[in-house]
Amino acid sequence: MPEEHLDADALVAWGNRREDLAAVAGRMPNLRWVQTLAAGPDSVLSAGFPPEVVVTSGVGLHDATVTEHALALTLALLRRLPQVAAAQADHRWADEIGGLQPLRPEGAVTSLIGARVLVWGFGNIGRTLAPLLRGLGAEVRGVARTAGTRDGFDVLAEADLTAELAHTDVLIMILPATAQTERALDADRLAALPRHAYVVNVGRGATVDEDALAEALRTGAIAGAAVDVTAVEPLPAGSPLWDLPNLIITPHAAGGRPVGADELVAHNLAALRAGEELRNVVAR
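Residues numbered from 1 in each chain as written. Predicted model: local features only at pLDDT ≥ 70, side-chain atom pairs only at ≥ 80, totals over all residues. Heavy atoms only, no water.

Chemist: Tell me what's going on with the packing of aromatic side chains, and back it up with residues and numbers.
Modeler: Between two aromatic rings, the relevant description is the distance of the centres plus the angle of the planes. All chains considered together, the criterion is met by 1 aromatic pair. When the centroid spacing of 6.1 Å and the interplanar angle of 55° are considered together, the rings of F122 and F153 count as tilted. In this pair, F122 is assigned in the loop between β4 (116–120) and α5 (124–135) and F153 in strand β7 (residues 153–157), connecting sequence segments 31 residues apart. Classification of F122 as buried rests on a relative accessible area of 2%. In this structure, R134 packs its charged tip against the face of F153, placed 3.8 Å from the ring centre. (Phe/Tyr/Trp six-rings, centres within 6.5 Å; stacked < 30°, edge-to-face > 60°. Helix = DSSP H or I, 4+ residues; strand = E, 2+ residues; numbered from the N terminus. Buried < 20%, exposed > 50% of the residue type's maximum accessible area, 1.4 Å probe, protein only. Lys NZ or Arg CZ within 6 Å of the ring centre and 35° of its normal.)

Chemist: Go over the pairing of β7 with me, naming the residues and quoting the values.
Modeler: Buried residues dominate β7, accounting for 4 of its 5 residues. Taken together, the 3 bridges between strand β5 (residues 139–144) and β7 define a ladder with parallel strand orientation. If you follow G142 over to β7, its bridge partner there is V155. Taken together, strand β6 (residues 148–150) and the strand that follows it, β7, pair antiparallel across an intervening segment of 2 residues, in which D151 is found at a positive phi of about 55°. (Pairing = 2+ DSSP bridges.)

Chemist: Residues and numbers for helix α1 (residues 18–25), please.
Modeler: Taken together, the buried positions of α1 are L21, V24 and A25. Viewed end-on, α1 has its buried residues packed into an arc of 115°, placing them on one side of the element. (Arc of directions from axis to C-beta.)

Chemist: Lay out the pattern of salt bridges in plain terms, naming residues and giving numbers.
Modeler: Between side chains of opposite charge, pairing is possible as soon as their charged atoms come close. Under the defined criterion, the tally for this structure stands at 9 salt bridges. With a shortest N-O distance of 3.6 Å, R204 and D42 are connected by a salt bridge. Here R204 is found in the loop between β9 (198–201) and α8 (210–219), whereas its partner D42 is found in helix α2 (residues 42–45), with 162 residues between them in sequence. A relative accessible area of 27% means that D42 is categorised as partly exposed. A salt bridge links E263 to R279; the shortest N-O distance between them is 3.1 Å. Taken as a pair, E263 in helix α9 (residues 261–274) and R279 in the segment after α9 lie far apart in primary sequence, 16 residues in all. With a relative accessible area of 42%, E263 lands in the partly exposed category. (Salt bridge = Lys/Arg side-chain N within 4 Å of Asp/Glu carboxyl O.)

Chemist: Tell me about the nonpolar core, and please be specific about residues and values.
Modeler: In this structure, L112, V117, L133 and I172 are the most contacted members of the largest nonpolar core, which totals 31 residues. Going through the elements one at a time, α3 (63–78), β4, α5, β5, β7, β8 (170–173) and β9 are the ones with two or more residues in this core. Looking at which element gives the most residues to this core, the answer is α3, with 7 residues. Leave out the neighbours within four places in its chain, and L133 touches L71, L112, V117, V119, A138, V140 and I172. (Core = buried A, V, L, I, M, F, W, Y, C linked by side-chain atoms within 4.5 Å. Contact = heavy atoms within 4.5 Å.)

Chemist: Summarise the sheet that holds strand β2 (residues 33–36); cite the residues concerned and give the values.
Modeler: By definition, the strands of a sheet pair up through backbone hydrogen bonds, in either a parallel or an antiparallel sense. In spatial order, the strands read β1-β2-β3; together these 3 strands make up an open sheet with parallel pairing. Only two strands of the sheet have a single neighbouring strand rather than two, namely β1 (10–13) and β3 (54–56). Mean inter-strand twist for the sheet, computed between neighbouring axes without regard to direction, equals 15°. Sheet analysis places β2 next to β3, joined by 3 bridges and oriented parallel. (Axes fitted to C-alpha atoms, helices over the stretch in contact; angles between N-to-C directions.)

Chemist: If you had to explain α5 to someone new, which residues and values would you point to?
Modeler: The terminal C-alpha atoms of α5 lie 18 Å apart, and with 12 residues this matches the ideal 16 Å at 1.5 Å per residue to within 8%. Taken together, the buried positions of α5 are occupied by I125, G126, L129, A130 and L133. For α5, the angular spread of the buried residues around the axis is 125°, confining them to a single face. Summarising the contacts, the buried residues of α5 are in contact with α3, β4, β5, β7 and β8. One or two positions beyond α5, positive phi appears at G137, with a value near 105°. (Expected span 1.5 Å × (residues − 1).)

And the structure:
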């Protein structure tokens, strides 16, 4: 950041590395508010801004775009698009995928119709995604810190997650990166899923034990996975994840285009000037 801007009262962060934020966190004496446009404020929270600085998140700005991507990845797995692409590359008409097919083949799930979908992390994005999944015929339940009913969907407490995984066809993860969610999908929880199950992660890469996921895919313990996020980004060219069977990798492409950011920043700036409550304040 140029020296002449270090006297700012407010900072809007978008697409910044944690290291760059940390470089200015202690050098802005007038700073009162940091607005991150990311739904997950982890990079700002770990940058070292003084505790009196108010941090607000971009929750709500990525609901539609991440929902689109989560749905696209889910359908790509169920409709076997990676296998179709491979067949096309070989100039082969994949009869095993097309033509007359059972709706519910033995040992596989190939449609959202009647599929049991579990959305782990039932916040704004989960609540946007769930009605679309239901509209396509899926049975949808959520998982959050506390149980209850949200927007007409049953939501389980995380304490009941492992038992529910045994009855899950598609697990969609939309978790933030926190100390509590680090490698939340571990070997034990992967083992609890049926062999025909799919995993989709559009939350944060740190929430998945990637070694355990790799082993589950290699051994066929689950049918496939799709991840938009990885523990290290960009994913190194030498990572074994690139060559795993039935794994779709997209380059953190689900969000990246905050919808309504201008309105949120304007609202919070006006609230800051008026001494009123800001929107999306993050507890610190």
